[in-house]
Structures are given as C-alpha cells and as structure tokens.
Amino acid sequence: MTKNKAAKFCSLDEIMYFCGNKRTNNMEKLIGRQNELKELELCMTSNQSEFVVVYGRRRIGKTFLIRQFFKDTFTFYFTGTHNITKSQQLKNFVKTLRQYWPGTTFHEANDWFEAFNMLADAISKSQTKRKKVIFLDEMPWIDSPRSGFLPALEYFWNSWASVRDDIVFIACGSATSWIVNKLLHNHGGLFNRTTRQIYLRPFKLCEVESYLDAHNFEWDRYQITQCYMTLGGVPFYLSLLRREESLVQNIDRLFFSGVNSPLLVEYEELYSSLFHNKDKYLHIIKILSKKREGMTRNELMSQSGIKGETLTTILQDLERCEFIFCYTRYGNKSNNVIFRIKDFYSLFYYKYIDGYNSHDSNYWSHITNTNLVNSWQGLSFELVCMLHLEEIKHKLGIRTILTSSSTWRSSSQDSNAQIDLVIERADRIINLCEIKFSTDIYSIDANYERKLRERKSQFATETKTRKSAIITMITTFGIARNKHSGIVTSEVTMDDLFSPM
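Residues numbered from 1 in each chain as written. Predicted model: local features only at pLDDT ≥ 70, side-chain atom pairs only at ≥ 80, totals over all residues. Heavy atoms only, no water.

*Asks:* Help me understand the packing of helix α5 (residues 86–100) against helix α6 (residues 112–124), please; the structure alone is not making it clear to me.
*Replies:* Angle between the axes and distance between the axes are the two parameters that describe a pair of packed helices. The N-to-C vectors of α5 and α6 enclose an angle of 10°; their axes lie 11 Å apart at closest approach. Our classification of the angle between α5 and α6 gives roughly parallel. On α6, the residues that touch Lys-86, Gln-89, Leu-90, Phe-93, Val-94 and Leu-97 of α5 are Trp-112, Ala-115, Met-118 and Leu-119. Looking at the contact of α5 with α6 residue by residue, the classes come out as eight nonpolar, one polar and one charged. (Axes fitted to C-alpha atoms, helices over the stretch in contact; angles between N-to-C directions. Helix = DSSP H or I, 4+ residues; strand = E, 2+ residues; numbered from the N terminus. Parallel < 35°, antiparallel > 145°, perpendicular 65-115°, else oblique. Contact = heavy atoms within 4.5 Å. Nonpolar A, V, L, I, M, F, W, Y, C, P; charged D, E, K, R; others polar.)

*Asks:* It is not clear to me how the nonpolar core should be interpreted in this structure. Could you clarify?
*Replies:* The biggest cluster of nonpolar side chains holds 82 residues, and the ones touching the most others in it are Phe-255, Leu-318 and Phe-323. Every residue in contact with Phe-255, bar those within four places of it in the chain, is listed here: Thr-230, Leu-231, Ser-261, Leu-263, Leu-264, Tyr-345, Phe-348 and Ile-353. Trp-101, Leu-150, Leu-184 and Leu-190 belong to the second-largest nonpolar core, a separate cluster that totals 42 residues. (Core = buried A, V, L, I, M, F, W, Y, C linked by side-chain atoms within 4.5 Å. Buried < 20%, exposed > 50% of the residue type's maximum accessible area, 1.4 Å probe, protein only.)

*Asks:* Looking at this structure, how should I read the environment of Ser-457?
*Replies:* Considering the arrangement of structural elements, one finds Ser-457 in helix α22 (residues 446–463). The partly exposed category is assigned to Ser-457, whose relative accessible area is 43%. Spatially, the C-alpha atoms of Ser-457 and Leu-40 are 52 Å apart, while their sequence positions differ by 417 residues.

*Asks:* Whenever I open this one, the pattern of salt bridges confuses me. Can you help?
*Replies:* Two side chains bearing opposite charge may form a pair once their charged atoms approach each other closely. This model, assessed by the stated rule, comprises 34 salt bridges. The closest approach of N and O atoms between Arg-201 and Glu-322, which form a salt bridge, is 2.9 Å. Of this pair, Arg-201 sits in the loop between β5 (196–199) and α10 (205–214) while Glu-322 sits in the loop between α17 (308–320) and β7 (324–327), placing them 121 residues apart in sequence. A relative accessible area of 49% places Arg-201 in the partly exposed class. The buried category is assigned to Glu-322, whose relative accessible area is 6%. Among the ionic pairs, Glu-245 bridges to Arg-242, the shortest N-O distance being 3.5 Å. Looking at Glu-245, the relative accessible area reads 16%, which means it is buried. A relative accessible area of 39% means that Arg-242 is categorised as partly exposed. Salt bridges linked by common partners bring Arg-58, Arg-59, Glu-266 and Glu-269 together as one network. (Salt bridge = Lys/Arg side-chain N within 4 Å of Asp/Glu carboxyl O.)

Right, dumping it as structure tokens:
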C-alpha cells in the first residue's frame, strides 16, 4: 500500500481499534469481520477496477463495516430510499452529486443513464491518483419496477468503470435475493462482472461475547447464551441493549414496554423492507414457527396453499436472508429436506409477541422462571448448537474429518424417539448428540440412561448402519459423573460453543 492510499482509508491494523480522530471518535469498535476487511483492503491495492458486492440480512452491519473501513472518504456515496418513485430516487441522486461536487452544475436526470453519465463525468475530472470509491447502499430499493436502473448500471460499469483501473464500485443491500439474482447470477450485461463478494453473517457466540465485552457488559456466558437465544447474532439488536439493565429488564424494555417498543415495531419493517410480497413470506415463517423440528416442502405446501415456483422462490429468499435453513433427516433422500427457522428474533416474536394482548410492561420478568420459558430455552439452545456445528466438531477433535450432519426420527409408529443432532464421520463413527439446556451441571439418572441406550439401539436397528454409534452430550455446564454417566462417550459444554474458529 502506498503512503498516499494509506492516508485516505483505514488500514486493517487500524480498524481493529477504536477510531481516535475527531471525525470518528464516536464510532464503535468493529468486532470480527477480519476476512471482510482483508477483502476491502485488497480492493484498494489491486491494479484493476473492482466491482464489490456486499450483502447480508437486514441489521447485520454492512453499511457500518464499509463506513468504518473507509472512514467516510468516499468519492461518492448514495443510499436508496424505500418505497419512493423513480423520479424521487433520481432527484436524491442528483442532490447527492451536488453535495460531493458543489462547484459543478448538474441538471435534473430524466433516467438512470443520464444520472450515471453525470457521475462518470464528475469523477473523470478528478486529479487524485488514489482509487475512487463509489458506494451505492440499499441498491435493491433503487431498482424499482420499470426504473431502468439495472441496464444503466450495466452500461456504466461495462463502458466506463471497468476499462479504468482506479474505480472501486461497492454495491450493497439487505434484500439478499435481489443481490444474488440481479448481480451475482446476472445473465445479462453484468454476467460475471463482480470481482469480489462479501457476505456478512450474523455473529457467532464468541463475537457476541466480544461485542458485549467491548461495551462493558458484565454478563457471564449463560446470560450471553440466553441473549443469543432471543436476539441471535444481529449487531443492531445487540446495540439496543443497556449494560445497566439485566437481560430480563432489557427484554421487557425492547419487546413489552408498549406499542413503540424497539423490537416490537421491528418485525413488520424487517420483512416489508426485504420482500415485495411480504405476506406470503410471513405466512411461511408463521407456519414454520409452530413446528420445532421443521417441515418438509410437501408439508409446507399442504398447510400454506403455496405451491410450485412461488414456494421455491420464497424458500430460497428466506434462506438467503438467513431466516431459515434446511437439513436432512438421517437416512432420508436429499429431496426430503427439512426447512426450519434459524432467525432467533422471529422465533421469539411468534412464541411470545404474536397475539400478545397483555399490557404488562414487565411481562418477561413475570414469566422468566416458568415452564413456558424453560421449554422454549431448551428448543432454542438446540438451534444454537446446530448453528455452532464447527465449534462442536472442534471440541470433539473431528474438524479435519469429513462429516455430514442431520437429525433422526424413528420411523416406527409406536415410537416418538428422535435424536437432536447426528454427526456421521468418514472414520466410520456416528456421534448421536443429545442437547440439554439447564441451569446447572446435568445429572443423568437411571431412567434417562435407559432411554439413551434404547434410543441408540433403535437408531442402529432402523438405519441398519454398520458404523459405531456413540452418545455425545451437549449441555450448558457439563454432566455430573455418576454410575449412569458411563453411557456418554464424549461431551461438549456451552463454553465450547464460544471457541473462536
């Protein structure tokens, strides 16, 4: 990196610390995202123009990442606005051009071809040798029906930006399905034009812990896990927490303090900002929220009445936006996949908020130690474990071994036996993982030991596997050593889920 470039944007080393100058002294420390930061740095030091796509679900920190890295030293930065006309978007675009080049006269643009031409002309007059960074945020909102935005963008990139070597064009948006279909899988003028893809995922537990530590929270890992089971790893939701309040008090304030509770009003905005026909998406999410182990495509068709390509599109969009994930049941064909919600916020909303009629502003405080919450925590912890599979494999010492994961349910009509997580390994061993969320060390009694042995035997009989099946316990604080714990071959604790990968 040249000195000239280093003076204009934040280096990878600098970004890992709090910003210290007057312009950015109020910005927060950026947690994680090391690989994403490296990609951005490579963009600035390459010898070609770069078309960078930054995407991920709403509230995940895409704009925050980009602004932290570049410290707002953009050549041009424009943000699309939700639910406004093409004419209004163009007026905002030209207004932004005037702000960046106050001495230049810009006429009103009749279409996006004119708008991009004015941008290209303005940048062409620049004498600086450093790369020019163009950042278009919330791009899916700009591309309204019949706006002509995408063809104009294609022409701008292919005829002007790509033939230079000093342009970094950053396309960003929360509507992941639009990003994938219109940019990454474009079959027209932008086919294979993107040079880098940066996909931001929700934080893992270790990153949530780092975030809370950086903000001086004094929560232990049990509280952090409970927080994760409510808000997931979405940075914006974490930013709403107050360290002077307990987790229970935070949840009461965020969800139950009244009609303007921050995460009460979030739900409608979350889906309406991502999907044009949000009602069908919400319908699928609501159906899935009622079945803990998920549903097959045929089950979803039967209960929703949505079929064919429409259902396929909805499921693909929800998966790309990190709301659902799919997996298989052990021994079943791949076309019998199970769809399950992975967004903790949506699960919490449908469990406790949807249809909530009480005006109790301390509702969570009043029910937090009841069976209603205890059973939900058990199911949510199971999902936490499924989303931290790499950390589990690391603890078991099998990260370098080829594995596949699934769940299992008995096919016998006389049995409801099931196994939360099955890890099948290339070394001919199968980990049958039992997941338990408890407030203390988990003690296996004679009855539970018998159930584990029966379940293991039933799994071997029904699947006809010739591999060695072993019992693995995944718990919050480990298992007590007693005369019944010998059934367990290996164990994973909550602390292991916090391991940085």
